[in-house]
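Per-entry structural report
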Amino acid sequence: MVVPFPRRAIVRRRRAFALLGTVQATLIFTITVVSVPLPAIGTLWGLTRSELILVSAAYALSFSGLLLFGGRLADRYGGRRLLLWGLAFFAAASTAAALSNGFEMLVAARFGQGVGAALAAPAAVAVLHRLYADPASHRRAMARWGGLSVLGATAGILTAGVCTWVSWRYMFAPGIVVATLGLLLAPRLVPRSAPVERPRLDLFAAVLATAGVTLVSYGLVVTDQYPWSDPMVAGPLGGGVLLLALFVAVEARGRSPLLPLSFLDDTSRIVGLLTIAFAAAGASLITLLLGLYLQQIRDWTPLRTSAAFLPYGIALLLAGRLCRRRLERRGPYGVISFGLTSAAAGLLLLAALDPRTPYVTGILPSLLLVATGLALAFAGATVLSLAGVQARQAGLAGGVMNTAMEVGPTVGLTMLMAVAAARSARLSDAGDVVATTGGYAWAFGAAGVAFALLAMLVTITDRPRRRPDAVPVAALPASNRLALPAAPRRFTPALDTKPSTRPPIPAATGRSPWF
């Protein structure tokens, strides 16, 4: 007998999901919203290029570096409590950023925003694991959750263009409003729940992971200004890699590791995390390079540039609504493969970008393909990344997933911008406009090839999991489903008065001769 879920509980759960989803989208929104007003901030305070890079990257550095530790805190103290702590910290830091009176205060406030986000993001995933305890509803919820991050990033670009009308300080207003609403509504919508167990916090491993991820991320970020051989790049990269190697060694021998290595001993989870990293890098590439192309090469205003991404955001929303049905029919692997292939096609179309490429017939089709593909890839990858996670590790799973989402753009953009710079250098004789556009086109092409290769890898990984003759039942016509042979009826003496005419099951083998 199936016990129906109370209607009031369903409504409350949906409202809780809407609140948590808005929080997640806002945390990613805060990364991209600063990109368009950055020149105005530099002009106001006379900042150098390296200082502008630090203003842009400070949030992501603390966010990505502390996610693993934030996830374990959620497992120890409960997702609801950590969510409220993170929102309070995020609201305070966002207010400080809006009121900043100089470069140092703004950078410190951006770091504080990242700390709050690192507490809130994995806590939200832990809360969702409690709200959607049964596997079927959890898969559906995670499919919807997957597209929220890229949607938040796109909303940041759209909002940034509007903020140029008034003041860059208003770009922090959405974060303050959402965090305040979360603090007011979460105690009513999110149920209290004691942690399943209280894992011991390995503070030494937390310091190693935080410092290692932060140093590697910083070293990759400043490659835009310094060559790879420069100590400003080689020092943080080398130190970060060394700390991460030491972190792995400590975790392999620790009794209560911050990140148990067995947690990553799952092919499906690795595929999901790798897809999330690629999809996040692709989304960042689209918003960054196309934004630069439209403003620098085509001389579009920030507001017009933001409006150009409006169809991209709409496509993300529409594709997100299709994810549930696609997951039921094709499974997460099939959805990821289709999504990566669609995104690869859109990126490869942008490889033909030139200074006069028309928006409607040249850029818009690529945006729609990439948006559809990223929404599907994120949905399937989120389901794979969180599948089979135990309640006691829900916060850890959220931290690992968000770490992949943050590290992916840092590593991916660094490599792709290196490709763009190399191509631009070869085209320098043709003029700055042609050289810059050619570099962007090659970066899009390289990303398209990488997405296509990952789609092939996902397909190959999925193949051993399926029998050659297996066909999803949902894909069969109704007539074929009715014609499927029913399982043989097993007779039970308590329910059947007629004695069974089947031969007894031999005790030696334990198998029935009827099968």
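It should be emphasised that the depicted structure is a prediction, and the values quoted were computed from it without experimental measurement. Every residue gets a number counted from 1 within its own chain, in the order that chain's sequence is written. Per-residue local features are limited, in this predicted model, to residues with pLDDT of at least 70; the limit for side-chain atom pairs, both in listing and counting, is 80 or more; totals at the level of whole chains, interfaces and linings are taken over all residues. Side-chain numbers come from the whole structure's heavy atoms, not from hydrogens or water.

**Brief notes about the overall build of the protein**
Rule in force here: Under the DSSP-based scheme used, a helix requires at least four consecutive residues in state H or I and a strand at least two consecutive residues in state E, with every element numbered from the N terminus. Exposure is judged per residue with a 1.4 Å probe applied to protein chains only, and the accessible area is read against the type maximum: over 50% gives exposed, under 20% gives buried, and values in between give partly exposed. In this analysis, two residues are considered to be in contact whenever any of their non-hydrogen atoms come within 4.5 Å of each other. Residue exposure ignores everything except the shown protein chains as possible cover, and the areas themselves are Shrake-Rupley values with a 1.4 Å probe.
Of regular secondary structure, the protein possesses 17 helices and zero strands. Looking at the protein as a whole, 50% of its 515 residues qualify as buried. Taking as baseline every contact in the protein between residues at least 6 positions apart, the subset at least 24 positions apart corresponds to 82%. Of the roughly 24900 Å² of accessible surface on the protein, a fraction of 65% belongs to carbon and sulfur atoms.

**Quick word on the pattern of salt bridges**
Just so we agree on the cut-off: Definition used for salt bridges: Asp or Glu carboxyl oxygen within 4 Å of a side-chain nitrogen of Lys or Arg.
Scanning the entire structure with this criterion turns up one salt bridge. For R72, the salt bridge identified is with D75, shortest N-O distance 3.1 Å. Of this pair, R72 and D75 both sit in helix 3 (residues 49-77), three residues apart, which is roughly one turn of that helix.

**Quick notes on the side chain of T30**
We apply this condition: N or O atoms closer than or at 3.5 Å make up a polar contact, with two conditions inside protein: a donor-capable atom paired with an acceptor-capable one, and, for residues adjacent in sequence, both atoms drawn from side chains.
Counting through the fold element by element, T30 comes out in helix 1 (residues 7-32). At 2.8 Å, the side chain of T30 forms a polar contact with the backbone oxygen of T26. For T30, the contacting residues outside a window of four places in its chain are Y59, F90, R110 and Q113.

**Things to note about the packing of aromatic side chains**
Within a pair of aromatic rings, the relevant descriptors are the distance that separates the centres and the angle that separates the planes. The test is simple: Two rings from Phe, Tyr or Trp (for Trp, the six-membered ring) form a pair when their centres are within 6.5 Å of each other. A pair whose planes differ by under 30 degrees is stacked, one over 60 is edge-to-face, and the rest are tilted.
One pass over the structure, following the stated rule, counts nine aromatic pairs. Ring plane angle 75° and centroid distance 5.6 Å describe the contact between W45 and W168, whose orientation is recorded as edge-to-face. Here W45 is found in helix 2 (residues 38-45), whereas its partner W168 is found in the loop between helix 7 (148-163) and helix 8 (173-189), with 123 residues between them in sequence. Given the relative accessible area of 23%, W45 is considered partly exposed. Ring geometry for Y59 versus F63: centroids 5.6 Å apart, planes at 55°, classification tilted. Of this pair, Y59 and F63 both sit in helix 3, separated by four residues, roughly a single helical turn.

**Topic: the side chain of E251**
Convention followed: A positive count includes Lys and Arg, and a negative count includes Asp and Glu. His and the chain ends are not counted in either.
Mapped onto the elements of the fold, E251 is located in helix 10 (residues 231-253). It turns out E251 is buried and unbridged, and the closest side chain with the opposite charge, R72, is 7.3 Å from it. Look past the residues within four positions of E251 in its chain and what remains in contact with it is D202, A205, P257, L258, L259, P260 and L261.

**Some thoughts on helix 6 (residues 135-146)**
Since the α-helix packs 3.6 residues into each turn, any two residues three or four apart lie on the same face. Applicable threshold: To estimate how far a helix should reach, multiply one less than its number of residues by 1.5 Å.
With 12 residues, helix 6 should cover 16 Å at 1.5 Å per step; its first-to-last C-alpha distance of 16 Å lies within 8% of that length. Every buried residue belonging to helix 6 is among S137, H138, A141, M142, A143, W145 and G146, and all of these are buried.

**Points about a nonpolar patch on the surface**
Keep this limit in mind: Here a patch means residues that are over 30% exposed by relative accessible area and free of salt bridges, tied together within 9 Å if like-charged and within 5 Å if nonpolar (Val, Leu, Ile, Met, Phe, Trp, Tyr).
Taken together, the side chains of V177, L181, L184 and L185 make up a nonpolar region of the molecular surface, amounting to roughly 340 Å² of accessible area. Positionally, L181 belongs in helix 8. Judged by its relative accessible area of 41%, L181 is partly exposed.

**A closer look at the packing of helix 7 against helix 13 (residues 310-350)**
How we decide: Note on definitions: angles span 0 to 180 degrees between N-to-C directions of axes, and those axes are lines fitted to C-alpha atoms, for helices only across the stretch in contact. Here the word oblique covers every angle except those under 35 degrees (roughly parallel), over 145 (roughly antiparallel) and from 65 to 115 (roughly perpendicular). Left-handed is the label given to a crossing in which the near helix is rotated counterclockwise from the far helix by less than a right angle, and right-handed is the label when the rotation is clockwise.
Remark: helix 7 packs on helix 13, axes separated minimally by 10 Å, with the N-to-C direction vectors making an angle of 160°. By the angle between their directions, the pair helix 7 and helix 13 is classed as roughly antiparallel. For the pair helix 7 and helix 13, the sense of crossing is left-handed. Counting all contacts with helix 7, which are made through V150, L151, T154 and L158, the residues of helix 13 involved are L310, Y312, G313, L316 and L317.

**What to know about the confidence of the model for the protein**
As a reminder, the rule being used: The pLDDT value expresses, per residue, how confident the predictor is, ranging between 0 and 100.
With 87% of its residues at a pLDDT of 70 or more, the protein has an overall mean of 82. Confidence drops under a pLDDT of 50 for residues 467-515, and excluding neighbours within four residues, the segment shows 24 contacts in the predicted structure.

**Details of the nonpolar core**
Note the cut-off: Here, the term nonpolar core denotes a set of buried Ala, Val, Leu, Ile, Met, Phe, Trp, Tyr and Cys residues that are joined through side-chain atoms within 4.5 Å.
Formed by 118 residues in total, the largest nonpolar core has its most connected members in W145, I286, L290, Y312, L374 and F444. Not counting chain neighbours up to four residues away, the residues in contact with L290 comprise L285, F309, L350, I363, L367 and F444. With 21 residues, the next largest nonpolar core counts A98, L106, A109 and W168 among its residues.

**Digging into the environment of A421**
Mapped onto the fold, A421 is located in helix 15 (residues 394-426). By relative accessible area, A421 is classed as partly exposed at 48%.

**Considering unusual backbone geometry**
Phi angles above zero are rare outside glycine, and D299 is one such case at about 60°. Here D299 shows up in the loop between helix 11 (267-297) and helix 12 (302-308).

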